[in-house]
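Working through the structure, step by step
Residues per chain are reported as follows:
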Amino acid sequence: MPILYYVTHPQVQVDATVPVPEWGLSDFGRARAIVMLDQPWVGSIRRIVSSAERKAMETAEILASHVGLAVEVRERTHENDRSATGFLPPLEFEAVANEFFANPYKSVRGWERAIDAQHRIVSEVRAVLGTHDAGDIAIVGHGGVGTLLLLSLSGREISRDADQPAGGGNYFAYDIGARQIAHGWRPIDRLP
């Protein structure tokens, strides 16, 4: 049965003067993405879809170059919209992210509501699956919406309990035919 791999970009080069969607991978993040190429699941991928955000695109391009595929960009797979606050220092960001997940029907500090971000990413993934013939798919994106997708595919309520481990660069697998999670978050650069 085909598998959907949802892959989050690894570590980024943080720059408070640059809009978050334009951040690229850090040297460490790029190195982790390259190590990902040695993972056994990578060779089965027959389609790569990516968010248009630079960090996701850079990760998808590393993967696509390795497996000889083009990257299909889907704008609406972007991370939850946090443009109302822009860059937040790490401790403040974590506090606002906690609120985002704890209050999914509320816009926290102007951020996109979690429920809206979840509906958006689920709708986009359904559209991708609706135009897919066979083979495994990698969707390269972000931790926040990836967590919201994982929760929806698992039939669970929105919470931060299923959030990816800190730092990014993780993936989960969804069995498309069985319509169930094959496994939760795992690091992209380590064997299970």
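Relevant structure appears above.
Residues numbered from 1 in each chain as written. Predicted model: local features only at pLDDT ≥ 70, side-chain atom pairs only at ≥ 80, totals over all residues. Heavy atoms only, no water.

**Re the overall build of the chain**
Heads up, the rule is: The numbering of helices and of strands both runs from the N terminus, where a helix is a DSSP run of H or I of at least 4 residues and a strand a run of E of at least 2. To get the radius of gyration, use the C-alpha atoms; to get the globule rule, take the number of residues to the power 0.38 and multiply by 2.2 Å. In this scheme, a residue with accessible area under 20% of its type's maximum is buried, one over 50% is exposed, and one in between is partly exposed, where area comes from a 1.4 Å probe on protein chains only. Accessible surface area values rest on a Shrake-Rupley calculation with a 1.4 Å probe, where residue burial reflects the displayed protein chains alone.
The helix and strand inventory of the chain stands at five helices and six strands. Ordered by position in the sequence, the α and β elements of the chain form the string β-α-β-α-β-α-α-β-α-β-β. Whereas a compact globule of 192 residues would reach a radius of gyration of roughly 16 Å, the chain reaches 16 Å, a difference of no more than 12%. Along the three orthogonal principal directions, the C-alpha set of the chain runs to about 40 × 35 × 30 Å. Split into buried and exposed, the 192 residues of the chain put 51% on the buried side. Summed over its atoms, the accessible surface of the chain is roughly 9000 Å², and 52% of this surface lies on carbon and sulfur atoms.

**Some words on helix 5 (residues 143-154)**
This is how it is decided: To estimate how far a helix should extend, the number of its residues minus one is multiplied by 1.5 Å.
For helix 5, which comprises 12 residues, the first-to-last C-alpha distance of 16 Å matches the rise-based estimate of 16 Å (1.5 Å per residue) to within 8%. Among the 12 residues that make up helix 5, nine are buried, leaving the element largely enclosed by the rest of the structure. Just downstream of helix 5 lies Gly 155, where phi reads positive at about 70 degrees.

**Description of helix 3 (residues 90-102)**
How we decide: What the arc measures is the spread of directions leading from the helix axis to the C-beta atoms. Any two residues whose heavy atoms approach within 4.5 Å are treated as being in contact.
Relative to the 18 Å expected for 13 residues at 1.5 Å per residue, helix 3 spans 18 Å between its end C-alpha atoms, a close match to the ideal helical length. Of the residues making up helix 3, those classed as buried are Val 96, Ala 97, Phe 100 and Phe 101. For helix 3, the angular spread of the buried residues around the axis is 140 degrees, confining them to a single face. Seen from the open side of helix 3, the exposed residues pointing more than 90 degrees away from its buried face are Leu 91 and Ala 102. Contacts from the buried residues of helix 3 go to helix 4 (114-130) and helix 5.

**Description of unusual backbone geometry**
With a phi close to 55 degrees, Arg 109 is a non-glycine residue in the positive phi region. Of note, the phi angle at Arg 179 is positive, near 55 degrees, even though the residue is not glycine. Within the secondary structure layout, Arg 179 lies in the loop between strand 5 (170-175) and strand 6 (180-187). Under the relative-accessibility criterion, Arg 179 is labelled exposed at 66%.

**Description of the packing of helix 1 (residues 27-36) against helix 2 (residues 54-67)**
Selection rule: Here an axis means a line fitted to C-alpha atoms, over the contact stretch when the element is a helix, while the angle between two N-to-C directions is reported on a 0 to 180 degree scale. Here roughly perpendicular refers to angles of 65 to 115 degrees, roughly parallel to angles under 35, roughly antiparallel to angles over 145, and oblique to all remaining angles. What makes a crossing left-handed is the near helix being turned counterclockwise from the far one by less than a right angle; a clockwise turn instead makes it right-handed. Throughout, the ten residues Ala, Val, Leu, Ile, Met, Phe, Trp, Tyr, Cys and Pro are labelled nonpolar, Asp, Glu, Lys and Arg are labelled charged, and all others, Gly among them, are labelled polar.
Where helix 1 meets helix 2, the closest approach of the two axes is 9 Å, and the angle between their N-to-C directions is 30 degrees. By the criterion of interaxial angle, the relationship of helix 1 to helix 2 is roughly parallel. You can see that helix 1 and helix 2 cross each other, and the crossing is right-handed. Facing helix 1, whose interface residues are Arg 30, Ala 33, Ile 34 and Met 36, helix 2 presents Glu 58, Thr 59, Ile 62 and Leu 63. Its residues assigned to classes, the contact of helix 1 with helix 2 comprises five nonpolar, one polar and two charged.

**Topic: the pairing of strand 5**
Short version of the rule: Here, strands pair whenever DSSP counts at least two bridges between them.
Of all six residues making up strand 5, six are buried, and the element is well covered by its neighbours. As paired elements, strand 1 (residues 3-8) and strand 5 share five bridges and run antiparallel to each other. Counterpart to Tyr 5 in the pairing with strand 5 is Ala 173. Alignment of strand 5 against strand 6, held across five bridges, turns out to be antiparallel. Each bridged residue has a counterpart across the sheet, and for Tyr 171 the counterpart in strand 6 is Arg 186. Linking two consecutive strands that pair antiparallel, namely strand 5 and strand 6, is a turn of four residues; a positive phi of about 55 degrees is found at Arg 179 within it.

**Let's talk about the sheet that holds strand 6**
Judged by pairing direction, the sheet is mixed, and its six strands sit side by side in the order 3-2-4-1-5-6 without closing on themselves. Of all strands in the sheet, those bounded by a partner on one side alone are strand 3 (71-73) and strand 6. Taken pair by pair, the neighbouring strands of this sheet meet at an average axis angle of 20 degrees, ignoring direction. Docked against the sheet, helix 4 engages strand 1, strand 2 (45-50) and strand 4 (136-141), running at close to 150 degrees with respect to strand 4.

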